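# Geometric and topological summary
Each chain is listed here by its residues.
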Amino acid sequence: MAQLTVLPSTPPTTGTPREAGAFDRERAARDLANAIEGEVRFGLHDRMLYATDASLYQVEPLGALIPANAQDAARAIAFCASRGMPVLPRGGGTSLAGQCTNRAVVMDLSPNLRTLSAIDDQSRTCEAEPGITIEELNQRLLKEGHQLFFAPDPATVRQATVGGCIGNNAAGARSVLFGRTSENLDALTVALASGEVVRLEAGAAATDARVRDLTERVVEVVSRHAELIRERFPKTVRRNAGYQLDLILQQLDAGKRVDEINLAPLLCGSEGTLAVTLSAKLKLRPIPRAKGLAVLSFPSVDDAIAAVLPILETRPSAVELLDDLVIDLALNNQECRRYVELLPHKGEQVPRAVLYVEYFAESDANEINERFEELMRAMEGRDYGVSTYHDAKAMLSAWRLRQSGEPLLHGLPGERKPITFVEDNAIPPENLAEFVRRLRAIVEKHGTKAAFYAHASVGVLHVRPLLSTKDPEDLVRLRAIAVEAADLARELGGVMSGEHGDGRVRSPLLERLYGPEMMRAFREIKAIFDPQNILNPGNIVEPGPIESITAHLRVSPLDHDGDGAPSVRVSKQVETYFEYGDQEDFAHAVEMCNGAGVCRKRSGGVMCPSYMATQDERHATRGRGNALRLAITGQLGRDGQRPDAHEPDWDDAETLKTLDWCLSCKACKSECPSNVDIARLKAEYHAQRNKAKGRAPWRYRVLSRVRDLNTLASFAPRLNTAMSRFGPARGVMNRLFGFDPRRSLPPFTPDLFRWFSRRGGSSVHSKHKVVLFGDCFSVYNESPIGRAAVGLLETLGYEVVLPRTGCCARPMISLGLLPDAIAKADATLAQLRPFIEDDSVAAILVLEPSCLSAINDDWQQLKLKSPKALRRALSQKTMLVEDFVEKRWDTHPRTPTIDEAVVPKGRVVLHGHCHQKAIVGVESSAALLRRIAGVKLEVLDATCCGMAGMFGYTKDRFDLSMKVGELGVLPAARTIGPDDVMVAPGTSCRHQIHDGAGVGAMHPVEFAARALGARPD
């Protein structure tokens, strides 16, 4: 029996499931839970988390389910078919055309259907389930020693699943060389609309009567319309509109008999409307022996496009275009700015357009160099700059900007946003320049502008006109531009969809491309596979009129759109604790998640640790962004009843549960290309809830005063440490605060302030002064780290000032006690002010990265009473101790000398703190360690340690905390040998490493102090 989640308060209704809300949800959920092993999630909150994808649209599903395995998925489809309940199969949910939104039961195949098997180096094939991502698949192939890869590589390769690529017939940057998914597919195991499982492959019709019946009927439709298919189907390399009947016709034209026909390619691009993929036999390609990348900058988009045809003569594996709008947005993004800085600059001007030209070689790097020389000859006489790369890491960094292009556009300020509705035109490359010129004229005629980026090698142009979906007049413009762009694409021999599919945004335009007779053929194909019309109904066939393009919008200009979905406007009366000017305003901040799903990547970087550990949409950054948007815009209501006045709901129980597993790691602030800042929104939501209820939970109020508790405990540190480990006393604390008994509590050490006072302050008296910020942990729990910092700075010739300035308010901020945090920050700022304004103080130095993020990030955004100029001055003067030591290495009062005898013989393994990575980057610790340890330094590319302040202490989150740790840092820590050293700047990280791996990690300052011979008394 499946796990069941359904809101008991949802009122039962009767009628057919295809009528909005007209069925007994509770009964359907119970019966489905009895029929399958997986999870059944029919509660309102869960339904709404699956109401959106990466498109314009929001449609409340009937429910959501997560099958346990492929057989379970087939059982679920059979159950839904028996009840007439529509089904929408879903992978990463990153669709741009709205094909992953429907009034159906959403079947999320991404968490559990991830098996990779039957890897055959001889045939160059493998069998993959639909939930595995393309990046994960290729990483596993490489890890297991296969020099093969799956070639389709959409920009969402880190979160795009195999099933999604099949549903969309995804292609990516290298389709000029390798084709689309349909050209990289041998066979499919699918569940038909009845739940019946069949294998679609060449020869299957000869042995399987059900497959033969399907094949004969499909062949009859295709044969009857053969001439029309030849006439109306576009001849571009990339085409993904309607059903791929041309791929069946190609097999017939090649002389294949019915029992030899392979129906698998027909399902590519069918958007889950014909069958549900359970497994796929994929064709693999040999990994090229060498790769090279040339990045070419141009003064305009027109200049870049004009260079495409001569570049194609050099046989590249990819040619990708970015325009000036994307480049400018990247310059304002903390993560992407560094990728812009890699671009070639001609003189002082920042490039206005860029082409990425990639080459694969079958022999060696010499072949790449020959291609580069051929490229330079092709570019003679043109105005451009160029950089070339052979190194894999450098090429990956260069590609990151192109991969971030689409999400970056959603960070554009203003009411008008780059809208996805004509972003996938595929035009013959020889007509691309004319298409760009005429489409730009269409967009400008309608009073706006657009962003352009492209798979230029195959003529696929991604165009994002800037429009407001809240403005009824802009919606009229949207529909007009969509129609005119589709007609222009057809006129120039192209198609309106190269890979993003039809969905809600382009299905209504299909008849303009194919005509009524071909649309009738598509409906025949749909009826052959899905006679009940339960698989993702309304997409491709029976889509509705042109006006339906702007129905069911996530952001509606009216109180309700045609589907009864509420507007997502945020009440202007909300008095927030944070400022949101960097994200335009609070209303825009709430809407910033565009659903691109970058947070759903399964490795690399920090974002999103809880998703990496759970593979659950609810616990991805996108899930939390959706939950907050829905609650704050009043779309969830109370007890399942949504009110007419969409006022914020600050106490929605399900939203609170969704937020509860957010570690507030801040990774989304830097790693999300749209700069969604869930940690800030989460703290705001909790603070608004506290205000609405009149007070914060008592447990939060106590735990937020960690500095006061530590201060008291430090008067008798050994006694209090012993008491915290004494069984009965620890049991009381566990019951009071919800601590997990498996989690150790930090020890108490002698007060750093008292130690510093007893020694008479700094032992160095100099005109070179630095202030050491005494944080809660290096003062009271790990004072040897504070002593090491004092010793290190004094060894370098600085007079150290250690004032009792107070707390950074990090615990209060993280727990949502924002009024207390504001008061505490203002008080601490008042104590720091003399040092901020004192020019003789070189810097204010911090040991704990979370304190640095509070001062340099949260304090800058909270509505403090302290002047903004003072806060900015503090931020400019505040940095990590190790960062300060490294940046001034050559200008310290005393020249630093490394004692090679104490440098470890083995590795120095660094795990950076999440807030550090998000705000200042891990190099703020790594640079000094590298200066000391050289090539022995190993910087972990790991997500959060899982501790995250108080997060990892509680019983309800301990298991998740450890699971997150097991994603990277804990396995790495267990490899530490006797000659190795583990280094971590965060106290939480060191605590987690101790508890989870039994390894003691050093602070970078301790490591540096030893290496530089610092010996504090």
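The model shown is predicted, which means the values in this text are computed figures rather than measured ones. (Residues numbered from 1 in each chain as written. Predicted model: local features only at pLDDT ≥ 70, side-chain atom pairs only at ≥ 80, totals over all residues. Heavy atoms only, no water.)

## As for the overall build of the protein
Scanning the protein for helices and strands turns up 46 helices and 27 strands. Against the compact-globule benchmark of 31 Å for 1017 residues, the protein has a radius of gyration of 30 Å, which places it among compact chains. Based on the C-alpha atoms only, the size of the protein along its principal axes is roughly 95 × 70 × 55 Å. Split into buried and exposed, the 1017 residues of the protein put 64% on the buried side. Long-range pairs, those at least 24 residues apart, make up 75% of the contacts in the protein with a sequence separation of at least 6. Working note: accessible area of the protein is about 36000 Å², and carbon and sulfur atoms make up 51% of it. Between the centroid of the 126 positive side chains of the protein and the centroid of its 129 negative side chains there is a distance of 5 Å. (Helix = DSSP H or I, 4+ residues; strand = E, 2+ residues; numbered from the N terminus. Rg over C-alpha atoms; globule rule 2.2 N^0.38 Å. Buried < 20%, exposed > 50% of the residue type's maximum accessible area, 1.4 Å probe, protein only. Contact = heavy atoms within 4.5 Å. Areas by Shrake-Rupley, 256 points an atom, 1.4 Å probe, with all protein chains shown as cover. Lys, Arg positive; Asp, Glu negative; His and termini not counted. Charge placed at Lys NZ, Arg CZ, Asp CG, Glu CD.)

## Structural notes on the sheet that holds strand β21 (residues 769–772)
Taken in spatial order, the 4 strands line up as β22-β21-β23-β24 in an open sheet, and their pairing is parallel. Edge strands, defined here as strands with exactly one partner in the open sheet, are β22 (799–801) and β24 (878–880). Along the sheet, successive strands turn relative to each other by an average axial angle of 35 degrees, direction set aside. The pairing of β21 with β22 spans 3 bridges and is classified as parallel. Its bridge partner being in β22, valine 770 is matched across the sheet by valine 800. (Pairing = 2+ DSSP bridges. Axes fitted to C-alpha atoms, helices over the stretch in contact; angles between N-to-C directions.)

## A closer look at the pattern of salt bridges
Applying the stated rule across the entire model yields 79 salt bridges. Residue aspartate 213 is joined to arginine 217 by a salt bridge in which the shortest nitrogen-to-oxygen separation is 3.6 Å. Of the two residues, aspartate 213 and arginine 217 both sit in helix α8 (residues 209–224), 4 residues apart, roughly one turn of that helix. Since its relative accessible area comes to 37%, arginine 217 is described here as partly exposed. The salt bridge partner of arginine 743 is aspartate 995, with a shortest N-O separation of 3.0 Å. Taken together, the residues span a long stretch of sequence, with arginine 743 in the loop between α32 (727–737) and α33 (752–758) and aspartate 995 in helix α45 (residues 987–997) at a distance of 252 residues. Take arginine 743: its relative accessible area is 0%, and that puts it in the buried class. (Salt bridge = Lys/Arg side-chain N within 4 Å of Asp/Glu carboxyl O.)

## Some details on the sheet that holds strand β27 (residues 981–983)
The sheet built from 3 strands is open, its strands ordered β26-β25-β27 with parallel pairing. Two strands bound the open sheet, and with one partner strand each, they are β26 (937–939) and β27. Neighbour-to-neighbour, the strand axes of the sheet open up by a mean angle of 20 degrees, direction not taken into account. Of the strand pairs in this sheet, strand β25 (residues 908–910) and β27 are connected by 3 bridges, and their pairing is parallel. Note on β27: the bridge partner recorded for leucine 910 is valine 983. On top of the sheet, helix α42 (residues 923–933) reaches β25, β26 and β27; it is set at about 160 degrees to β26, its chief contact.

## Some remarks on the nonpolar core
One finds Leu245, Leu266, Leu296, Leu355, Ile525 and Phe529 to be the most contacted residues of the largest nonpolar core, which totals 123 residues. When residues in this core are grouped by element, the largest group, 10 residues, is from helix α22 (residues 510–529). In contact with leucine 245, not counting residues within four places along its chain, are Val222, Ile229, Phe233, Leu266, Met518, Ala521, Phe522 and Ile525. Judged by nonpolar contacts, the second largest core, of 98 residues, contains Val590, Cys668, Ile836 and Tyr953. (Core = buried A, V, L, I, M, F, W, Y, C linked by side-chain atoms within 4.5 Å.)

## A look at unusual backbone geometry
Omega for the bond connecting methionine 607 with cysteine 608 falls within 30 degrees of zero, at -5 degrees, which places this linkage in the cis form. One can find cysteine 608 in the loop between α23 (586–590) and α24 (609–614). Even without glycine at this site, asparagine 533 takes up a positive phi of about 60 degrees. Tracing the chain through its elements places asparagine 533 in the loop between α22 and α23.

## Topic: the environment of proline 543
The topology assignment puts proline 543 in the loop between α22 and α23. Classification of proline 543 as partly exposed rests on a relative accessible area of 24%. The spacing of proline 543 and asparagine 332 is 211 residues in sequence and 39 Å in space, taken between C-alpha atoms. With sequence-adjacent residues up to four places away left out, proline 543 is seen in contact with Ser507, Pro508, Gly538 and Ser548.

## Brief notes about the pairing of strand β14 (residues 318–323)
Judged by how many residues are buried, β14 sits mostly within the fold: 6 of 6 residues are covered. Of the two faces of β14, the one carrying Ala318, Glu320 and Leu322 and the one carrying Val319, Leu321 and Asp323 are both buried. Bridging between β14 and strand β19 (residues 450–455) involves 3 bridges; their strand directions are antiparallel. Opposite leucine 322, over in β19, you have tyrosine 453 as the bridge partner.

## Concerning helix α1 (residues 25–35)
Taken together, the buried positions of α1 are Arg25, Glu26, Ala28, Ala29, Leu32 and Ala33. Buried residues in α1, looked at end-on, bunch into an arc of 165 degrees, giving them a common side. A side-chain oxygen of the first residue of α1 lies 3.3 Å from the backbone nitrogen of glutamate 26; this N-cap is aspartate 24. (Arc of directions from axis to C-beta. Polar contact = N/O pair within 3.5 Å; in protein donor to acceptor, adjacent residues only side chain to side chain.)

## As for the packing of aromatic side chains
Taken as a whole and assessed by the stated rule, the structure comprises 16 aromatic pairs. Ring geometry for phenylalanine 739 and tyrosine 953: centres 5.5 Å apart, planes at 45 degrees, overall tilted. Separated by 214 residues along the polypeptide, phenylalanine 739 in the loop between α32 and α33 and tyrosine 953 in the loop between β26 and α43 (958–965) bring together distant segments of the chain. Given the relative accessible area of 8%, phenylalanine 739 is considered buried. You can call tyrosine 953 buried: its relative accessible area is 9%. Linked through ring pairs, Phe233, Tyr243, Tyr514 and Phe522 together constitute an aromatic cluster. (Phe/Tyr/Trp six-rings, centres within 6.5 Å; stacked < 30°, edge-to-face > 60°.)

## Describing the confidence of the model for the protein
When pLDDT is averaged along the protein, the result is 91; 94% of the residues meet or exceed 70. Residue range residues 557–566 is modelled with pLDDT below 50. Its contacts to residues more than four positions away, or to other chains, number 22 contacts. (pLDDT = per-residue confidence, 0-100.)

## Re the pairing of strand β15 (residues 353–361)
Across the 9 residues of β15, 9 count as buried, placing the element largely inside the fold. Here β15 shows two buried faces, one formed by Ala353, Leu355, Val357, Tyr359 and Ala361 and the other by Val354, Tyr356, Glu358 and Phe360. Looking at chain direction, strand β13 (residues 290–298) and β15 are connected through 9 bridges and run antiparallel. Residue alanine 294 lies in a different strand from β15, and its bridge partner there is valine 357. Pairing geometry for β14 and β15, over 6 bridges, is antiparallel. Opposite alanine 318, over in β15, you have glutamate 358 as the bridge partner.

## What to know about the packing of α8 against helix α10 (residues 245–253)
At a closest axis distance of 10 Å, the pairing of α8 and α10 adopts a crossing angle of 90 degrees. In terms of orientation, α8 and α10 fall into the roughly perpendicular class. Listed contacts from α10 to Val218, Val219, Val222 and Ser223 of α8 are Leu245, Ile248, Leu249 and Leu252. Residue composition of the contact of α8 with α10, by class: 7 nonpolar, 1 polar and no charged. (Parallel < 35°, antiparallel > 145°, perpendicular 65-115°, else oblique. Nonpolar A, V, L, I, M, F, W, Y, C, P; charged D, E, K, R; others polar.)

## Considering α45
Counting buried positions over the 11 residues of α45 gives 9, a clear majority of the element. Turning to α45, its buried residues are Thr987, Ser988, Cys989, Arg990, His991, Gln992, Ile993, Gly996 and Ala997. Buried residues belonging to α45 abut α34 (776–780), α35 (783–795), α43, α44 (969–973) and β27. With its phi angle positive at about 65 degrees, glycine 998 sits one or two positions after the end of α45.

## Quick notes on a nonpolar patch on the surface
Taken together, the side chains of Trp698, Val732 and Leu736 make up a nonpolar region of the molecular surface, amounting to roughly 270 Å² of accessible area. Tracing the backbone through its elements, the reader meets tryptophan 698 in helix α29 (residues 698–703). (Patch = residues over 30% accessible without salt bridge, like charges linked within 9 Å, V, L, I, M, F, W, Y side chains within 5 Å.)

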